[in-house]
Amino acid sequence: MSNFENRPNTALLVIDVQNAVVADAHQRDGIVANINSLVDRARQYNAPVVWVQHADEQLKSGSDEWQIVSELTPDPAESFIEKQYGDAFEATTLTELLADLAVGHVVVAGAQTDACVRATLHGAFVRGYDTTLARDAHTTADLSEWGAPPPDQVISHTNLYWSFQSAPGRTAHSVATDEVEFSG
């Protein structure tokens, strides 16, 4: 279990599923549907859902591009984190929020696989959290024009290497949406 005592809860982190971020994302509709399924299941188990939104000079806070996609319906009572860096823990209140919610395990879904999803996974893991990547609930745009592998390879590689992460007192998994567990 995680490096935290008395933190038995699991939270779902929905990373940057914003209009501009996923507009041209690989298999966008299927990924958003899987994220919606995760959100529904987290709510069913009373697991915290944390909505993370990136904001910077190109993605202005409050703009239409910055908004969560219309297919997802955040509950106003759920937590929202605005970030300026890839790692959702960096220069935000996410660490304190998860401590207040007694969370020691995070499930990560969202976009972009090769940027904010990876950064947040690593950020959580090195901070002591057990981490689960929902392997069919994250996506990225095609950045092969700039030398990146095609999106399907980026996603597959991330799923593969996250399955083999290890560190003392923590676990890392990559599982399908329907295999994610929110109950103790």
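Summary of the structure given here. (Residues numbered from 1 in each chain as written. Predicted model: local features only at pLDDT ≥ 70, side-chain atom pairs only at ≥ 80, totals over all residues. Heavy atoms only, no water.)

**Side note on helix α4 (residues 113–126)**
So the rule is basically this: In DSSP terms, a helix is any run of H or I states spanning at least four residues, a strand is any run of E spanning at least two, and both are numbered starting from the N terminus. Take the number of residues in a helix, subtract one, and multiply by 1.5 Å to get its expected span. Burial classification: accessible surface area is computed with a 1.4 Å probe over protein chains only, and a residue below 20% of its type maximum counts as buried, one above 50% as exposed, and the rest as partly exposed.
Over its 14 residues, α4 extends 18 Å from the first C-alpha to the last, a length consistent with the 20 Å expected when each residue adds 1.5 Å. Among the residues of α4, those classed as buried are Thr113, Cys116, Val117, Thr120, Leu121, Gly123, Ala124 and Phe125. Directly beyond the C-terminal end of α4, a positive phi value near 110 degrees is found at Gly128.

**What about unusual backbone geometry?**
Residue Ala111 is joined to Gln112 through a cis peptide bond whose omega torsion reads -20 degrees. By the element assignment, Gln112 lies in the loop between β4 (103–111) and α4. In this structure, Ala91 takes a positive phi of about 60 degrees despite not being glycine. Of note in the backbone geometry, Ala102 takes a positive phi value of approximately 55 degrees without being a glycine. Within the secondary structure layout, Ala102 lies in the loop between α3 (94–100) and β4.

**Quick look at the side chain of His54**
For clarity, the cut-off: Here, two residues are considered to be in contact whenever any of their heavy atoms come within 4.5 Å of each other.
Within the secondary structure, His54 sits in strand β2 (residues 49–54). Leave out the neighbours within four places in its chain, and His54 touches Asp16, Gln18, Leu59, Trp66, Lys83, Gln84, Tyr85 and Cys116.

**Details of the packing of aromatic side chains**
As a reminder, the rule being used: When two rings of Phe, Tyr or Trp (its six-membered ring) have centres within 6.5 Å they constitute a pair, described as stacked for plane angles under 30 degrees, edge-to-face for angles over 60, and tilted for the intermediate range. Whether a charge sits over a ring depends on NZ of Lys or CZ of Arg being within 6 Å of the ring centre and within 35 degrees of the ring normal.
Counting across every chain of the model gives four aromatic pairs. Here Phe89 and Tyr129 contribute two aromatic rings whose centre-to-centre distance is 5.4 Å and whose plane-to-plane angle is 35 degrees, an arrangement assigned as tilted. In this pair, Phe89 sits in the loop between β3 (79–83) and α3 while Tyr129 sits in the loop between α4 and β5 (130–139), placing the two residues 40 residues apart along the sequence. The exposure classification of Phe89 matches that of Tyr129, with both residues buried. Taken together, a centroid distance of 5.6 Å and an interplanar angle of 75 degrees make the contact between Phe125 and Trp162 edge-to-face. Of this pair, Phe125 sits in helix α4 while Trp162 sits in helix α5 (residues 151–162), and the two are 37 residues apart along the sequence. With relative accessibility at 5%, the residue Phe125 sits in the buried group. A connected cluster of aromatic rings, assembled from ring pairs, spans Phe4, Phe89 and Tyr129. Directly above the aromatic system of Phe4 lies the positively charged group of Arg7, at a separation of 3.9 Å from the ring centroid.

That's the geometry; what it means functionally is another story.
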